[in-house]
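What follows is the residue order along each chain.
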Amino acid sequence: MKRILRAPVAIFLALSLTWAGLARAQSAEDVVWVQIEAQPSLAEATDRARAYETLLDDVNGFALGGGWYGIAVGPYRREDAELVLRSYVRDGLVPRDSFIQQSSRFQQQFWPVGDNVLETGVIDAPVGVDGNAPEEAAAGSSTPDVTTTPLDPAGTEGETEAAEAETAPAPTPPEPEETPAEARRSERALSAQERKDLQIALQWAGFYDAAIDGAFGRGTRASMRAWQGANSYEQTGVLTTRQRAALMAQYNAVLDGLGLQLVRDEKAGIEIMMPTAEVDFARYEPPFAHYDSSGNIGARVLLISQPGNQDTLYGLYDIMQTLEIVPLDGPRERKRNSFELIGENGSIISQTQVSLENGQIKGFTLIWPAGDEDRRRRVVAEMSKSLTRLPGVLDAGAGNSDAQAINLVAGLQIRQPKIARSGFFIDGNGAVVTTSEVVASCGRVTLDADTDATVVATDEARGLALLKPESRLAPLAVAEFSNAAPRLQSEISVAGYSYEGVLSAATLTFGALSDLKGLNGDETLKRLSVKAQPGDAGGPVFDENGHVVGMLLPQTEADRKLPEDVSFALDGDVILKAAQEAGLGSKHAQGATGPIAPRDLTLRAQGMTVLVSCWE
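The model shown is predicted, which means the values in this text are computed figures rather than measured ones.

Rules behind the numbers
- Residues numbered from 1 in each chain as written.
- Predicted model: local features only at pLDDT ≥ 70, side-chain atom pairs only at ≥ 80, totals over all residues.
- Heavy atoms only, no water.
- Helix = DSSP H or I, 4+ residues; strand = E, 2+ residues; numbered from the N terminus.
- Buried < 20%, exposed > 50% of the residue type's maximum accessible area, 1.4 Å probe, protein only.
- Areas by Shrake-Rupley, 256 points an atom, 1.4 Å probe, with all protein chains shown as cover.
- Core = buried A, V, L, I, M, F, W, Y, C linked by side-chain atoms within 4.5 Å.
- Contact = heavy atoms within 4.5 Å.
- Disulfide = S-S within 2.5 Å.
- Pairing = 2+ DSSP bridges.
- Polar contact = N/O pair within 3.5 Å; in protein donor to acceptor, adjacent residues only side chain to side chain.
- Salt bridge = Lys/Arg side-chain N within 4 Å of Asp/Glu carboxyl O.
- Arc of directions from axis to C-beta.
- Patch = residues over 30% accessible without salt bridge, like charges linked within 9 Å, V, L, I, M, F, W, Y side chains within 5 Å.
- Axes fitted to C-alpha atoms, helices over the stretch in contact; angles between N-to-C directions.

Trainee: Help me out: how do you make sense of the overall build of the chain in this one?
Mentor: Each helix and strand counted, the chain has 11 helices and 32 strands in total. Sorting the 616 residues of the chain into buried and exposed places 44% on the buried side. Carbon and sulfur atoms provide 50% of the accessible area of the chain, an area that totals close to 30800 Å².

Rendered as structure tokens:
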């Protein structure tokens, strides 16, 4: 009886084990990964895994065998893995040759350190992953026509040796290290640009300081030996294939995490490398395609595209320098068919490169935070090297931004001065008197926004400053100071830029002379009854004859607030004396004249009065 019962039990157990094995096999096939990269050394693979972890969830690293190490995300169910793969490739987060891999291809886990997830179950796809193509933007002239081509995250193509499909064979082990003779033979196969690239990388690493010419002479060989010694290689002075790859990997490591990818903007007619982890397309405002900050560092990119000739190019060169994104300090160079601008301050550094070819003006501006020069220079170099001119330029009607203001140019803020006040010419060479308030703590002083001026003298006690233009000017009118005291309660007028440069010409404000002295009896002042604006300070005060009786002073920040129509002017004789002491020409009016006609007064005031601006 017992013998009869044993056979069914054995059969049942055998069937149970078979079913369990089939279930495990099916389960193993359902657990898959998205393999995104392979590296020939553990150190390089660890660096790449660390870089990917700043961009992606669920990053893991495994030995692949044969001295290779793979980086993958997962583990996922197959349908989730396919979704993740499509989404990450579409968004440019992983190389285009990433593929789905089975757990059986992976050996010991090296990243994250101490983890072992090969025996765990699947996890859900990251929140927000969408494998479908994004919906088309609403029709309109601002719809972007931009595509990105992900590159290998190390910054060069062709370094990922992993297979491109699930059924691909395991990675081929790297060749043994080359002998010096073999290294020289492989070196001879390098292109001229590849040889220059190695010199650039050695220069960046601090081992080479000669010309970038692609010629491997004694200087280049010495720098190669120094680099080999610093990196624990035999110092032969000839880099092997593997050492060249390691040097270039060091050089490109500074670009990790920036998402450097090839962006193709069909509307602008430009293809260019761009740090897509930090910037993203925002809008078109001809001649600019705006790629605004989307990351943490505050970078921005402008693609520049418009039809034109040399005059258009030169006009763009001038306009760019009025923009807030191009600070005043920094080198700038304009050639016949191109220009380059670098502007820097304590916050940003911007670099603009533009050229004219076949009636099309194209280029870019990179705005980068100050203090990150290594990465900024590398990004600029990659952008400059990769810029490709596609057919067409940005349509002048592209974009429909509602942001309109007189201080905006194509959506960009015009640079604004720290403070702007009025001044007026006191001699035929363009010397100007203004209020000392406007020149205090200035990095640069300009007249009418475009002529640099030097401060010749200041008198803080009196509140005046004397300026001399750095290039000679020919004023339309020069102040003629009154040689007689004006009558009390007589009409006066003040010329000035009441709205600090918003209007293109000085305006006249009318009032009366209230007293020949200040409130405390100061005879160098005149008290006026006039409703002046802050921007009028520094402007000339005219009597009925059109002669200058003084300069309007700014309102004082005293404890006692005066009525809004009370202002003060510095006496004209004080200005004349200060000008003579500074060696500047100025003059009294010659002879007595009658009252000036309003139209003539307006022309004289506008020809004589200048906008004085103080810049950081």
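That shown, we press on.
Trainee: Quick question: what am I supposed to make of the nonpolar core here?
Mentor: Most often, soluble globular proteins keep nonpolar side chains buried together rather than apart. Among the nonpolar cores identified, the biggest contains 26 residues, and Phe424, Ile426 and Leu464 are the most heavily contacted of them. Mapped onto this core, the elements with two or more residues apiece are strand 23 (464-469), strand 29 (548-552), helix 10 (572-581) and helix 11 (598-608). Residue contributions to this core peak at five residues, all from helix 10. Not counting residues up to four positions away in its chain, the partners in contact with Leu464 are Val433, Thr434, Thr435, Ser436, Ala457, Thr458, Asp459, Met551, Leu570, Val574, Ile575 and Ala578. Ranked by size, the runner-up nonpolar core spans 24 residues in total, among them Leu258, Ala299, Leu303 and Leu366.

Trainee: Would you explain the state of the cysteines in this entry?
Mentor: Should the sulfur atoms of two cysteines be covalently bonded, the bond is a disulfide. Taken as a whole and assessed by the stated rule, the structure comprises one disulfide. What pairs with Cys442 in a disulfide is Cys614, and their sulfur atoms sit 1.7 Å apart. For the disulfide bridge between Cys442 and Cys614, the dihedral angle about the S-S bond is near -120°, and by the sign convention the bridge is left-handed. Placement of Cys442 in the loop between strand 20 (432-435) and strand 21 (444-447) and of Cys614 in strand 32 (residues 609-615) is noted, with a sequence separation of 172 residues between them.

Trainee: What is the right way to look at the pairing of strand 8 (residues 270-275) in this model?
Mentor: On a regular strand, each side chain points to the face opposite its neighbour's, so the side chains alternate between the two faces of the sheet. Burial analysis of strand 8 places six of its six residues in the buried class, which makes it a mostly covered element. Both strand 7 (residues 260-265) and strand 8 contribute to a ladder of six bridges, which runs antiparallel. Its bridge partner lying in strand 8, Arg264 is registered against Glu271. Between the antiparallel neighbours strand 7 and strand 8 lie four residues, among them Gly269 with a positive phi of about 70°. With two bridges connecting them, strand 8 and strand 16 (residues 388-389) associate as antiparallel partners. Paired with Glu271 across the strands is Thr388, a residue of strand 16.

Trainee: Can you help me understand the side chain of Thr434 in this one?
Mentor: Position of Thr434 among the secondary structure elements: in strand 20. For Thr434, the side chain forms a polar contact with the main-chain oxygen of Ser422, separated by 2.6 Å. Apart from residues lying up to four places away in sequence, Thr434 is in contact with Ser422, Gly423, Val439, Gly463, Leu464, Ala465, Leu467, Gly538, Met551 and Val612.

Trainee: Would you explain the pattern of salt bridges in this entry?
Mentor: Enumeration over the complete set of coordinates arrives at 23 salt bridges. Between Arg48 and Asp256 there is a salt bridge, with its nearest N and O atoms 3.0 Å apart. Separated by 208 residues along the polypeptide, Arg48 in helix 2 (residues 42-53) and Asp256 in the loop between helix 7 (241-253) and strand 7 bring together distant segments of the chain. Since its relative accessible area comes to 6%, Arg48 is described here as buried. For Arg377, the salt bridge is made with Glu373, and the minimal N-O distance between the two is 3.0 Å. Within this pair, Arg377 and its partner Glu373 are both found in helix 9 (residues 373-386), separated by four residues, close to a single helical turn. Taking the relative accessible area as the measure of exposure, Arg377 reaches 55% and is therefore exposed. Salt bridges here are not isolated pairs; linked through shared partners, they connect Glu37, Arg48 and Asp256.

Trainee: Any chance you could explain helix 4 (residues 180-188) here in plain terms?
Mentor: Three- or four-residue spacings in an α-helix give side chains the same orientation, since the helix completes a turn every 3.6 residues. For helix 4, the set of buried residues is Ala183, Ser186 and Glu187. Axial view of helix 4: buried residues confined to an arc of 105°, hence all on one face. Packed against the buried residues of helix 4 are helix 5 (192-204), helix 6 (218-230) and helix 7.

Trainee: Any chance you could explain a nonpolar patch on the surface here in plain terms?
Mentor: A cluster of nonpolar side chains, contributed by Tyr499, Val502 and Leu503, occupies part of the molecular surface with about 310 Å² of accessible area. Relative to the helices and strands, Val502 is located in the loop between strand 25 (491-496) and strand 26 (507-515). Judged by relative accessible area, which is 54%, Val502 ranks as exposed.

Trainee: Hey, could you run me through the sheet that holds strand 4 (residues 99-102) in this one?
Mentor: Each strand in a sheet pairs with its neighbour through backbone hydrogen bonds, running either in the same direction (parallel) or in the opposite one (antiparallel). With antiparallel pairing, the five strands of this open sheet are ordered in space as 4-1-3-2-5. On the outer flanks of this sheet lie strand 4 and strand 5 (109-111), each paired with one strand and no other. Mean inter-strand twist for the sheet, computed between neighbouring axes without regard to direction, equals 45°. Relative to strand 5, strand 2 (residues 59-65) is paired through two bridges, and the arrangement is antiparallel. The partner of Phe62 across the bridge, within strand 5, is Gln109. Seen against the sheet, helix 2 touches strand 1 (31-39), strand 2, strand 3 (68-77) and strand 5 and runs at an angle of roughly 55° to strand 5. Sitting on the sheet, helix 3 (residues 78-90) is in contact with strand 1, strand 3 and strand 4, with an inclination near 120° to strand 3.

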